[in-house]
Every structure is written in C-alpha cells, then in structure tokens.
Amino acid sequence: QVQLVESGGGLVQPGASLKLSCVASGLTFSTYAMGWFRQAPGKEREFVASVTWSGLRTSYNTDSVKGRFTIARDNAKNTVYLQMNSLNPEDTAVYYCAAPPPFRFTTTISDYDYWGQGTQVTVSS
C-alpha cells in the first residue's frame, strides 16, 4: 500500500521560508518521479514542481514560483522536499506531494496516481 505523508507546513509571515517534506512508503521510491502540487481556497489544484527518480532533473511552475522554490529528494530516506523562500500571501494553499507511474516524469496532474493528504501553508502578517 503506497503512502505519502507530508509535513512542514504552518503559518508564516510574508518573506519567510518553509521546507516541506514528504515521506513515501510502499513503493520503490528510486523508480518514481515525485511532484508537489498546491490548492488554494476556491481554486483548482496546480502543479508546483517535480523531480525525476534520480533527482538530476527538475521542473517548476515558473509563473508561480519564479525561482523561489526548490525541489529535491533523498532516495536513501524515501523523502522529497520542497524548499520555499520569499513566501507571499499568494502561496497560501494546501500543498500535496504525489507520484506518477514509475519512470514517468510529468507535470500533468491527471498523470499522478498517488497523493498525500496535504499540509497547510498559510502566509499572513
């Protein structure tokens, strides 16, 4: 049974940083690309970032993250991270990690098979 468990969310002020983590179990982590998505109240879920199974290639939603976010992974720990810097109120959302089929690197939400429960990030003064 595949499980993805996010952590690291919270309430921060504008300009602050947060690092999200997602621990995976029930799958051969090193064969799965991983992605981060987010959903703000009243909006559709959107792609944030993804990383290949090796960690050597990444993709970002440049319109929304504009070089502020960095995705990385540690295959020895079955964990994918999202470092978020210079946070602003528009980043307020529930953040989800997700996994597509093995050896598939994609930014399309419908391609992802497994999802975590999400972690809330709130940016407010």
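First, a word on scope: everything that follows refers to the structure included in this document. Source: prediction; values computed, not measured.

1. Things to note about the environment of M34
Inference 1: For M34, the position within the fold is in strand β4 (residues 34-39).
Inference 2: When its relative accessible area of 0% is taken as the criterion, M34 is described as buried.
Inference 3: Setting aside residues no more than four positions away along its own chain, M34 makes contact with L4, C22, F29, A49, S50, V51, I71, R73, V80, A98, A99 and Y112.

2. Quick notes on the side chain of T106
Inference 1: With respect to the helices, strands and loops of the structure, T106 is situated in the loop between β9 (93-99) and β10 (114-115).
Inference 2: Reaching out from T106, the side chain makes a polar contact with the backbone nitrogen of T108 at a distance of 3.0 Å.
Inference 3: Setting aside its immediate chain neighbours within four residues, T106 contacts S50, P100, D111 and Y112.

3. Examining the sheet that holds strand β1 (residues 3-7)
Inference 1: Spatially, β1-β3-β8-β7 is the arrangement adopted by the 4 strands of the open sheet, whose pairing is antiparallel. Across the chains shown, the open sheet's two edge strands, defined by having one partner strand only, are β1 and β7 (69-74). Strand-to-strand, the axes of this sheet are offset by a mean angle of 15°, without reference to chain direction.

4. Considerations on the packing of aromatic side chains
Inference 1: Using the criterion set out here, one finds 6 aromatic pairs in the structure.
Inference 2: Here F37 and Y112 contribute two aromatic rings whose centre-to-centre distance is 4.8 Å and whose plane-to-plane angle is 80°, an arrangement assigned as edge-to-face. You can see F37 sitting in strand β4 and its partner Y112 sitting in the loop between β9 and β10, a full 75 residues away along the chain. A single burial state applies to F37 and to Y112, both of which are buried.
Inference 3: Here W53 and F103 contribute two aromatic rings whose centre-to-centre distance is 5.3 Å and whose plane-to-plane angle is 85°, an arrangement assigned as edge-to-face. With W53 in the loop between β5 (46-51) and β6 (58-60) and F103 in the loop between β9 and β10, this residue pair connects regions lying 50 residues apart in the sequence.
Inference 4: A cation sits over an aromatic face here: K19 above Y81, 4.5 Å from the ring centre.
Inference 5: Across from the ring centre of Y96, 3.8 Å away, lies the NZ or CZ of R45, which sits over that ring.

5. Observations concerning the pairing of strand β3 (residues 18-25)
Inference 1: Pairing between β1 and β3: 5 bridges, direction antiparallel. Across the sheet, L4 pairs through a bridge with A24, a residue of β3.
Inference 2: As paired strands, β3 and strand β8 (residues 79-84) are joined by 6 bridges and run antiparallel to one another. When the bridges of β8 are listed, S21 appears paired with Y81.

6. Structural notes on the state of the cysteines
Inference 1: Enumeration according to the criterion identifies 1 disulfide in this entry.
Inference 2: A sulfur-sulfur distance of 1.9 Å marks the disulfide that ties C22 to C97. Classification of the bridge connecting C22 and C97 rests on its S-S torsion, roughly 45°, and on that basis the disulfide is right-handed. With C22 in strand β3 and C97 in strand β9, this residue pair connects regions lying 75 residues apart in the sequence. Judged on exposure class, the residue C22 and its partner C97 are both buried.

Definitions and cut-offs
- Residues numbered from 1 in each chain as written.
- Predicted model: local features only at pLDDT ≥ 70, side-chain atom pairs only at ≥ 80, totals over all residues.
- Heavy atoms only, no water.
- Helix = DSSP H or I, 4+ residues; strand = E, 2+ residues; numbered from the N terminus.
- Buried < 20%, exposed > 50% of the residue type's maximum accessible area, 1.4 Å probe, protein only.
- Contact = heavy atoms within 4.5 Å.
- Polar contact = N/O pair within 3.5 Å; in protein donor to acceptor, adjacent residues only side chain to side chain.
- Pairing = 2+ DSSP bridges.
- Axes fitted to C-alpha atoms, helices over the stretch in contact; angles between N-to-C directions.
- Phe/Tyr/Trp six-rings, centres within 6.5 Å; stacked < 30°, edge-to-face > 60°.
- Lys NZ or Arg CZ within 6 Å of the ring centre and 35° of its normal.
- Disulfide = S-S within 2.5 Å.

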